[in-house]
Structures are given as C-alpha cells and as structure tokens.
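Spelled out, the chains give:
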Amino acid sequence: MYTYPVLLSIIFIVIFAGCQSETPVVDSTTTFQNETTAVVLIEDFSYKPAITTVKVGTTVIWVQKDSVRHTVTSNDGIFDSGLLSEGISWEYTFNEVGTYGYYCIPHPYMEGTVEVVE
C-alpha cells in the first residue's frame, strides 16, 4: 500500500509535469525550432546552423553570442538587423516561400540561408 509521502509525490508529479517552460535553452550545440519559431546562433564568426529551413509564417530569431558586433543582412535588401552586440537578439518573420541568403556586413565571409517552404 502507498504511504502518504509517496502518494503526495505522485500527485505532485502529475500536477506539475505539464508546467515546464517552453522557452528554449540555446547553446552552441542546440538549435531550437517549432512550428512558429526557429533560433540561429551567431557564434564563433558564423551562423549556426548556416542553413535553416522553416515553414511560411515562421519567425527566425538570431541570438548574438560573439563579443564582436555582427549583422544579419539579407543579400537582396529585404531585412537588416543593424549591428548586434553580444547578448542581443533580432528576429524576422518569413511570410513568403523562397530562399533568403544573408551575411554580416563587417564580416562578409559570414553567410547563412533561410529556406522557407509551404
């Protein structure tokens, strides 16, 4: 038979199991993506991942983790984050199917791509 403390533990687990945060933990080895949001890290003078595939209507959030400032600037002038300092994030929502190349203005060898599909 269950003891009172064991029964309370089971109730606690059942009640609080669904209360975990949906906020992604972003580090250099994890990329968070769900139906409406994707995260790209700006780290070690690169975009991680370099190619991100999302559905129409998805917001991509770039998180700047380098101590040097970077930009997220589209090749065709559609978006530009301006200079981002360490710890700052910037986001853009992709509402049309297509392939969107981007780069960093101060470091043009830094390149990334967002592929938007239906």
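Above: the structure in question.
In this text the structure is predicted, and so the values were computed from the model without any measurement.

Give a detailed account of the nonpolar core, specifying residues and quantitative values.
By size, the foremost hydrophobic cluster in this structure holds 18 residues, and its most contacted members are Tyr47, Trp62, Val72 and Val114. Listed by contribution, the elements that provide at least two residues to this core are strand S1 (37-43), strand S4 (58-64), strand S6 (89-94), strand S7 (98-103) and strand S8 (111-117). At three residues, the largest contribution of residues to this core is made by S1. Ignoring any residue separated from it by four or fewer positions in sequence, one finds Val114 in contact with Thr52, Val54, Val60, Trp62, Phe94, Gly98, Thr99, Tyr100 and Tyr102.

For the packing of aromatic side chains, give the residues involved together with the corresponding values.
Per the counting criterion, the structure on display carries 12 aromatic pairs. Between the aromatic rings of Trp62 and Tyr102, the centroid separation amounts to 5.3 Å while the plane-to-plane angle is 80°, which identifies the pairing as edge-to-face. Of this pair, Trp62 sits in strand S4 while Tyr102 sits in strand S7; the two residues are 40 residues apart in sequence, bridging distant segments of the chain. The same class applies to Trp62 and to Tyr102, which are both buried. Geometrically, the ring pair formed by Phe79 and Tyr102 is tilted, given 6.4 Å between the ring centres and 55° between the ring planes. Placement of Phe79 in the loop between strand S5 (73-74) and S6 and of Tyr102 in strand S7 is noted, with a sequence separation of 23 residues between them. Each of the two residues, Phe79 as well as Tyr102, counts as buried. Three or more aromatic residues joined by ring pairs make a cluster, and in this case those are Tyr47, Trp62, Phe79, Trp90, Tyr92, Phe94, Tyr100 and Tyr102.

The rules behind each value
- Residues numbered from 1 in each chain as written.
- Predicted model: local features only at pLDDT ≥ 70, side-chain atom pairs only at ≥ 80, totals over all residues.
- Heavy atoms only, no water.
- Core = buried A, V, L, I, M, F, W, Y, C linked by side-chain atoms within 4.5 Å.
- Buried < 20%, exposed > 50% of the residue type's maximum accessible area, 1.4 Å probe, protein only.
- Helix = DSSP H or I, 4+ residues; strand = E, 2+ residues; numbered from the N terminus.
- Contact = heavy atoms within 4.5 Å.
- Phe/Tyr/Trp six-rings, centres within 6.5 Å; stacked < 30°, edge-to-face > 60°.

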